[in-house]
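Report on the structure
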Amino acid sequence: MVKSAKRSLARRILILLLAVFLVPLAVRAALHAVEGGPRSWREADWSSTGSLPPAASHPEARVLILSGQTGGWKGVLSVHSWIVLKPVNAAEWRRYDVVGWGSPLRVNGWAPDGRWFGHRPTIVADIKGRDAEVLIPKIEAAIRNYRYNHAGDYRLWPGPNSNTFVASVLREVPDIGVALPPNAIGRDFRPGPYVGPSDSRTGVEANLWGALGVKLGWVEGIELDVLGLVAGLDIRNPAVKLPGFGRVGLDTLAAVAAPKH
């Protein structure tokens, strides 16, 4: 009887996990098929959304972490993330991305508030003024020290990829105080098994190369990572985290690009 009860419990847990991870992906894939979108890199719209003012008319320092849905069927699973900086009185915005061809790290390869594969970016962090001034030197140092910055280092799954790059900066500068979207596949990649503080230093994490892991933290919330797909709960700003959809909460549709100031 005890063995039968254990098998029944294990079966229910397995069914629950399959439902949590596979059902959202199936729904997201169906929506993606209906929505359509550009069929190739060349057909996609990479233009500015016009949401950031010219740097010259915006003297204060500013730091943005942005994220945009990727193209093709990869867009069912993941987003692409990048960093935008503007020191005090700087004449231009500086955008940092990591890509999968040539030298991975690109500076100003696209407009700072540009669409990614035709999709408007969403804000992960937007920090202004004195707080941004303090953070920018730390962020620039973390960018310079990014270890996977050589041709051939990029790997789509489980990483290191574009999201690994941004996550590594957040890890080096926890004062930024945000976590990448749960569907930023590659953000949890580490070169080996890891048990210790979460990226924001507000919780704990256990991780196997970004392919299997669990997190519990104030910034990260509660997360279970299976093969890079994340399900969980956002505690600080109540929401659920679903594979394919990312974070789904009352404020999900709030800001879709950086506001003009």
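The rules behind each value
- Starting from 1, residues in each chain are numbered consecutively following that chain's sequence as written.
- Only residues with pLDDT of at least 70 are given local features in this predicted model, and only at 80 or more are side-chain atom pairs given and counted; all residues enter the totals for whole chains, interfaces and linings.
- Computation of side-chain values: all heavy atoms of the structure, hydrogens and water removed.
- Any two strands with at least two DSSP-identified bridges between them are counted as paired.
- Helix and strand assignments follow DSSP, with helices taken as H or I runs no shorter than four residues and strands as E runs no shorter than two, numbered in order from the N terminus.
- Convention adopted: a line fitted to C-alpha atoms gives each axis, helices being fitted over their contacting stretch, and angles between N-to-C directions are expressed from 0 to 180 degrees.
- What makes a nonpolar core is a set of buried Ala, Val, Leu, Ile, Met, Phe, Trp, Tyr and Cys residues whose side-chain atoms join them at distances within 4.5 Å.
- Using a 1.4 Å probe on the protein chains alone, a residue whose accessible area is under 20% of its type maximum counts as buried, one over 50% counts as exposed, and one in between counts as partly exposed.
- It only takes one pair of heavy atoms within 4.5 Å for two residues to be counted as in contact.

Regarding the sheet that holds strand β12 (residues 246–249)
The strands making up a sheet associate through hydrogen bonds between their backbones, and the pairing can be parallel or antiparallel. The strand order across the open sheet formed by seven strands is β6-β7-β8-β9-β10-β11-β12, and the pairing between neighbours is antiparallel. Looking along the sheet, the strands with just one partner apiece sit at the ends: β6 (193–197) and β12. Here the average twist between neighbouring strands, direction ignored, is 10 degrees. In this structure, strand β7 (residues 203–208) lies alongside strand β8 (residues 212–217), joined through six bridges in antiparallel fashion. If you follow Asn207 over to β8, its bridge partner there is Gly213.

Re the nonpolar core
Core analysis: the biggest nonpolar cluster contains 31 residues, and Ile83, Ile139, Phe165, Ile176 and Leu180 have the highest contact counts within it. If you list the elements that add at least two residues to this core, you get β1 (62–69), β2 (79–86), β3 (94–98), β5 (122–128), α2 (129–144) and α3 (162–172). When residues in this core are grouped by element, the largest group, six residues, is from α2. Those residues in contact with Leu180, other than ones at most four positions away along the chain, are Ile65, Ser81, Val124, Asn163, Val166, Ala167, Leu170 and Arg187. Ranked by size, the runner-up nonpolar core spans 13 residues in total, among them Leu52, Ala55, Leu66 and Trp93.

A word on the environment of Gly186
Checked against the element boundaries, Gly186 lands in the loop between α3 and β6. Put simply, Gly186 and His80 are 106 residues apart on the chain and 9.7 Å apart in space, counted from C-alpha to C-alpha. If sequence neighbours within four positions are ignored, Gly186 has contacts with Pro158, Asn161, Asn163 and Thr164.

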